[in-house]
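Remarks on the overall topology
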Amino acid sequence: MKSRFEKARKTLIFWTLWIGLGAVAGAACMLIDPSGKIMGMDAMLPFFQKMPLADVLFQNFVFSGISLLIVNGLTNLSAAVLLLRRKHAGVVLGGFFGITLMLWICIQFWLFPTNVMSTLYFFFGLVQALTGYAAWVFERQETFAVRREDDSQIGTNPKRLVVYFSRMGYVRRKAFEEAARTGAEVYEIQAAERTEGTLGFWWCGRYAMHRWPMPIRPVTVDLTAYEHVTICSPIWAFALAAPVRAFCQAASGKIREADYLLVHFSPASYENAADEMDRLLGLKRTGFRSFVCRTGRFREMPKKPSAHLSA
């Protein structure tokens, strides 16, 4: 699977180098010529009189140059080095320094008349901050997708099966945890359509919005051979994921007993998805669990009492 984190990391390296080197160059010009004439900024000094201690700090551009070097120059270059060395701190600092750039520009908005340069750099800071956030999320997702649980018990109980579909690794993690807990064998639902990456996300969204079943590869496991099946599914657009919908249609009448495990990003139980699986499979579930998980931490959601389960 292509790494979205690597793309975001490289983009963040570009922004930290761009902002950092630009700030160092600007600070150097201010320190070389504190009057600001070398950069055509001498006419801007009167605007700094709004600032506290203006009669001491803002009679020339020395203090401004030092501040620019520290706040936007050395900081961003340090983040770039950490990103190049693939350190997690570089991701966090790279996004944070985009926010500091926006705050720096907000001071300029207060001091100076509206101008293209300040507006442009505020936009640069915004994009840098968003890129940092995206890199942080993608890093957590891709690290999280690596399975860490003990596999020794998986497959020791031939009467149980765990079926799952997972696009990003979240559901896969829960499915293998369940298989390790119960000793069940594991079967992965494989979509016949593209589901990986950003393009796959939008293609999956098309199926999700229309509530269509997504074509899947033929089911190669004999479902009738198992006494109990646990079906693990993500939630797409507040409903059952399209490949799992297709699996349930194909498995109708073949599963004796089932429970469900749902994984999603929003704080809801999604009993509607469990009800849909009941209808498609032609059975009544023995139970279902619902977990919200955004960046690597699972939290089980409370579910409403089900009439057919309590009967």
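Residues numbered from 1 in each chain as written. Predicted model: local features only at pLDDT ≥ 70, side-chain atom pairs only at ≥ 80, totals over all residues. Heavy atoms only, no water.

Describing a nonpolar patch on the surface
- Residues Leu 31, Val 62, Ile 66, Ile 70 and Val 71 make up a contiguous nonpolar surface patch of about 350 Å² in total accessible area.
- When residues in the nonpolar patch are grouped by element, the largest group, four residues, is from helix α3 (residues 62–84).
- Within the secondary structure layout, Val 62 lies in helix α3. (Patch = residues over 30% accessible without salt bridge, like charges linked within 9 Å, V, L, I, M, F, W, Y side chains within 5 Å. Areas by Shrake-Rupley, 256 points an atom, 1.4 Å probe, with all protein chains shown as cover. Salt bridge = Lys/Arg side-chain N within 4 Å of Asp/Glu carboxyl O. Helix = DSSP H or I, 4+ residues; strand = E, 2+ residues; numbered from the N terminus.)

Some thoughts on the side chain of Arg 167
- Secondary-structure assignment places Arg 167 in the loop between β1 (160–164) and α6 (170–182).
- The side chain of Arg 167 sits in the buried core without any salt bridge; Glu 196 is the nearest counter-charge, 7.5 Å away.
- In terms of polar contacts, Arg 167 uses its side chain to reach the backbone carbonyl oxygen of Thr 195, at 2.9 Å. (Buried < 20%, exposed > 50% of the residue type's maximum accessible area, 1.4 Å probe, protein only. Lys, Arg positive; Asp, Glu negative; His and termini not counted. Polar contact = N/O pair within 3.5 Å; in protein donor to acceptor, adjacent residues only side chain to side chain.)

Re the packing of aromatic side chains
- Throughout the structure, instances matching the rule amount to 15 aromatic pairs.
- Measuring from centroid to centroid gives 5.6 Å for Tyr 170 and Phe 265, while their planes differ by 75°, and the two rings are edge-to-face. One end of the pair, Tyr 170, is in helix α6; the other, Phe 265, is in the loop between β5 (258–264) and α9 (271–281), with 95 residues separating them in the sequence.
- Of the residues examined, Tyr 170 reaches a relative accessible area of 4% and is grouped as buried.
- Ring pairs connect the aromatic residues Phe 14, Trp 15, Trp 18, Tyr 121 and Phe 124, which therefore count as one cluster.
- The lysine or arginine in question, Lys 174, covers the ring of Phe 291, its NZ or CZ lying 4.2 Å from the ring centre.
- Sitting over the face of the ring of Tyr 207, Arg 206 holds its NZ or CZ atom 5.8 Å from the ring centroid. (Phe/Tyr/Trp six-rings, centres within 6.5 Å; stacked < 30°, edge-to-face > 60°. Lys NZ or Arg CZ within 6 Å of the ring centre and 35° of its normal.)

Considering the packing of helix α1 (residues 4–32) against helix α4 (residues 88–111)
- Axis separation between α1 and α4 bottoms out at 10 Å; the angle between their running directions is 45°. In terms of orientation, α1 lies oblique with respect to α4. When the axes of α1 and α4 are compared, the crossing they make is left-handed. Contact residues: α1 offers Phe 5, Leu 12, Thr 16 and Ile 19, while α4 offers Gly 90, Val 91, Gly 94, Gly 95 and Leu 101.
- Residue composition of the contact of α1 with α4, by class: five nonpolar, four polar and no charged. (Axes fitted to C-alpha atoms, helices over the stretch in contact; angles between N-to-C directions. Parallel < 35°, antiparallel > 145°, perpendicular 65-115°, else oblique. Left-handed = near helix turned anticlockwise from the far one by under 90°. Contact = heavy atoms within 4.5 Å. Nonpolar A, V, L, I, M, F, W, Y, C, P; charged D, E, K, R; others polar.)

Shape descriptors only; they carry no functional weight alone.
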